[in-house]
Amino acid sequence: MFQFQLSVSPEIILTEIQDSDKAAIIDGLQEKEIYRQTFSIPYPYGDAEADWFLARMREKRSSETKPTTLAIRLAKTNKLIGVFGFHDFEPSGHKAEIGYWLGKEHWGSGILTKVTGKAVEYAFSELGVTRIFAKVFSRNKASIRVLQKVGFQHEGLLRNDSMKDGELLDVDLFGLLKNEYRAMGSELVMINGLDNIYYFVTDVKKSAEFYRDVLGLKILDQDDYWATVDLHGVRLGLHKASTTEFSKSAERRSGATVTMNVSEIDKAYDFYKSRGVKFLGPVSKNSWGSHVSFTDPDGNLLDLREAPKK
Ligand SMILES: CC(C)(COP(=O)(O)OP(=O)(O)OC[C@H]1O[C@@H](n2cnc3c(N)ncnc32)[C@H](O)[C@@H]1OP(=O)(O)O)[C@@H](O)C(=O)NCCC(=O)NCCS
């Protein structure tokens, strides 16, 4: 049904935009706040505006090998609930600007943070860009928070940069570089002095996807019963458990916890959260360092740790 599809979470997918999305686009853009917070989306938004947008999308699709404007959809129904675009993206260019909107009924549910995380990863790995930037009205606190959570750096304040409805508005500039984004993941893994460890999992394929797509780690080998994850030089085995073995929680792991060292725990926390990691609680900070725990899809425990600053 779609020529292109990226999975953001079990609930959300990103695909190309289709002509059949017209009604959903018009519906979503009846919300005036979206017009107020964006640079070029018109208001009121009706048939003519949607036809113009869809014609542009058709034109783009015919000249692009990979889509640069994506529909945000509910995976269950395929309904379009928002749009995420890389603006003025040139195939030969090293940078792209992003812009997005989400239907009001979905605001505040963390969707856009996860979408942005996935989309920037796609742009760095598939579209060949090394810099992604965003311009946001300074009054748009939700959008600024989304960018911060994904790891964008604040690069500047452009005073009175934009004119909207006769009002001069300040604009904040945010940027994210490819090497910076990579570096935000864990740097080093310690497993209580061991040099290998295994976790029992119910579904090796699903589990390996979590370690690869969410934690950004490399899978060294994989079959139906075993996968080896490269934890920056240390090997973590994902071992398919029989139902009886797995039900005995004491046997679920080989007696150690994977601890991933990071240099800035608050950033790493936001970064992994934006990728869908479910933490067991807030970051705990004390004099011997900071840490926060999370689990893989099978409930195996992992830790992020920041050593105390000297
Ligand atoms: C901006 C927008 C895409 C955010 O989508 P979303 O799915 O609600 O975003 P998320 O839920 O992932 O994150 C929103 C964050 O902003 C925070 N936030 C929301 N309103 C806020 C406010 N007024 N002040 C401070 N923070 C705010 C939320 O608490 C959340 O942060 P948290 O996870 O730390 O609590 C959506 O609001 C939207 O479409 N707005 C209109 C169009 C728009 O602004 N587009 C962007 C133009 S640059």
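As the structure is a computational prediction, the values presented were derived from the model and not from experiment.

## Looking at the site of the ligand
Around the ligand there are 21 residues in total, and Gln 37, Leu 112, Thr 113, Lys 141 and Arg 145 lie nearest to it. For the shell around the ligand, the secondary-structure elements that each account for two or more residues are α2 (32-37), β5 (95-102), α4 (111-126) and α5 (141-150). With 5 residues, the single largest contributor to the shell around the ligand is α5. Here the residues of the shell around the ligand are counted per class, giving 10 nonpolar, 8 polar and 3 charged.

## Digging into the packing of α4 against α5
One can describe the packing of α4 onto α5 by two numbers: an axis separation of 9 Å at closest approach and a directional angle of 50°. In terms of their interaxial angle, α4 and α5 are classed as oblique. Classified by chirality, the crossing of α5 by α4 is right-handed. Counted together, Leu 112, Thr 113, Thr 116, Gly 117 and Val 120 of α4 and Val 146, Lys 149 and Val 150 of α5 form the full contact between these two elements. Partitioned by chemical class, the residues of the contact of α4 with α5 number 4 nonpolar, 3 polar and 1 charged.

## Examining the nonpolar core
Generally speaking, soluble globular proteins have nonpolar side chains that are buried together. Residues Leu 14, Ile 72, Val 115 and Ala 123 are the most contacted members of the largest nonpolar core, which totals 40 residues. Top contributing element to this core by residue count: α4, with 7 residues. Not counting chain neighbours up to four residues away, the residues in contact with Leu 14 comprise Leu 6, Val 8, Leu 70, Ala 71, Ile 72, Phe 84, Val 115, Lys 118 and Ala 119. Tyr 211, Val 229, Val 258 and Leu 302 belong to the second-largest nonpolar core, a separate cluster that totals 23 residues.

## Structural notes on the environment of Met 163
Mapped onto the fold, Met 163 is located in strand β7 (residues 153-164). In this structure Met 163 comes out as exposed when scored by C-beta crowding, with 9 C-beta atoms within 10 Å. With 124 residues separating them in the primary sequence, Met 163 and Phe 39 have C-alpha atoms 9.2 Å apart.

## Focus: the sheet that holds β5
The mixed open sheet is built from 8 strands, whose spatial order is β1-β2-β3-β4-β5-β6-β8-β7. The sheet is open, and its two edges are formed by β1 (5-7) and β7, each paired on a single side. For this sheet, the mean angle separating the axes of adjacent strands, direction not counted, is 25°. Sheet topology note: the β7/strand β8 (residues 167-177) ladder contains 8 bridges and is antiparallel. Directly across from Met 163, in β8, lies its bridge partner Leu 168. On the sheet, α4 packs against β1, β2 (12-15), β3 (69-74), β4 (80-87), β5, β6 (131-137) and β8 and is oriented at approximately 40° with respect to β2.

## Examining the confidence of the model for the protein
When the pLDDT values of the protein are averaged, the result is 86; 87% of them are 70 or greater. In this model, residues 186-194 is a region of pLDDT below 50 whose contacts with residues beyond four sequence positions or in other chains number 27 contacts. Note that residues 244-255 has pLDDT below 50 and, in this model, 14 contacts with residues that lie over four places away or in other chains.

## What about α4?
Side chains of residues three or four places apart in an α-helix project in the same direction, reflecting 3.6 residues per turn. Between its first and last C-alpha, α4 extends 22 Å over 16 residues, near the 22 Å set by a 1.5 Å rise per residue. Counting buried positions along α4 yields 12 of 16 residues, so the element is predominantly enclosed. Immediately downstream of α4, the backbone of Gly 128 shows phi near 80°, a positive value.

## Some points on unusual backbone geometry
A negative phi angle is the norm for most residues apart from glycine, just as the trans form is the norm for most peptide bonds. Going from Tyr 43 to Pro 44, the amide bond is cis rather than trans, its omega being -5°. For Pro 44, the location among the structural elements is in the loop between α2 and α3 (47-63). Positive phi outside glycine occurs at Asn 78, with the angle close to 70°. Looking at where Asn 78 falls in the secondary structure, it is placed in the loop between β3 and β4. The phi dihedral of Asn 160 is positive, around 50°, even though this residue is not glycine. Looking at where Asn 160 falls in the secondary structure, it is placed in strand β7. Judged by local crowding, Asn 160 falls into the exposed class, with 10 C-beta atoms found within 10 Å.

What counts, and at which threshold
- Numbers given for residues are sequential positions, taken from 1 along each chain in its written order.
- Restriction of local features to residues with pLDDT of at least 70 applies here, the model being predicted, together with a cutoff of 80 or more for giving and counting side-chain atom pairs; totals for whole chains, interfaces and linings are based on all residues.
- Note on definitions: a residue is near a molecule or strand provided its C-beta atom, placed from the backbone, lies within 6 Å of it.
- Going along the chain from the N terminus, every DSSP run of H or I of four or more residues is numbered as a helix, and every run of E of two or more is numbered as a strand.
- Polarity classes work like this: nonpolar for Ala, Val, Leu, Ile, Met, Phe, Trp, Tyr, Cys and Pro, charged for Asp, Glu, Lys and Arg, and polar for all others, with Gly in that last group.
- Only C-alpha atoms enter the line fits that serve as axes; for helices the fit covers just the stretch in contact. Angles between N-to-C directions range over 0 to 180 degrees.
- The scheme is simple: roughly parallel for angles under 35 degrees, roughly antiparallel for over 145, roughly perpendicular for 65 to 115, oblique for anything else.
- Left-handed describes a crossing in which the near helix is turned anticlockwise from the far one by less than a right angle; the clockwise case is right-handed.
- Two residues qualify as a contact pair if the distance between their C-beta atoms, derived from the backbone, is within 7 Å.
- Remark: nonpolar core denotes a set of buried Ala, Val, Leu, Ile, Met, Phe, Trp, Tyr and Cys residues whose joining runs through C-beta atoms within 7 Å.
- Counting other C-beta atoms within 10 Å of its own, a residue is labelled buried from 20 upward, exposed at 12 or fewer, and partly exposed in the gap between, with every C-beta atom placed from the backbone.
- Two strands are counted as paired when DSSP detects at least two bridges linking them.
- Each residue carries a pLDDT value, the predictor's own confidence for that position, ranging from 0 to 100.
- Helices are assigned an expected span. That span is 1.5 Å times one less than the residue count.

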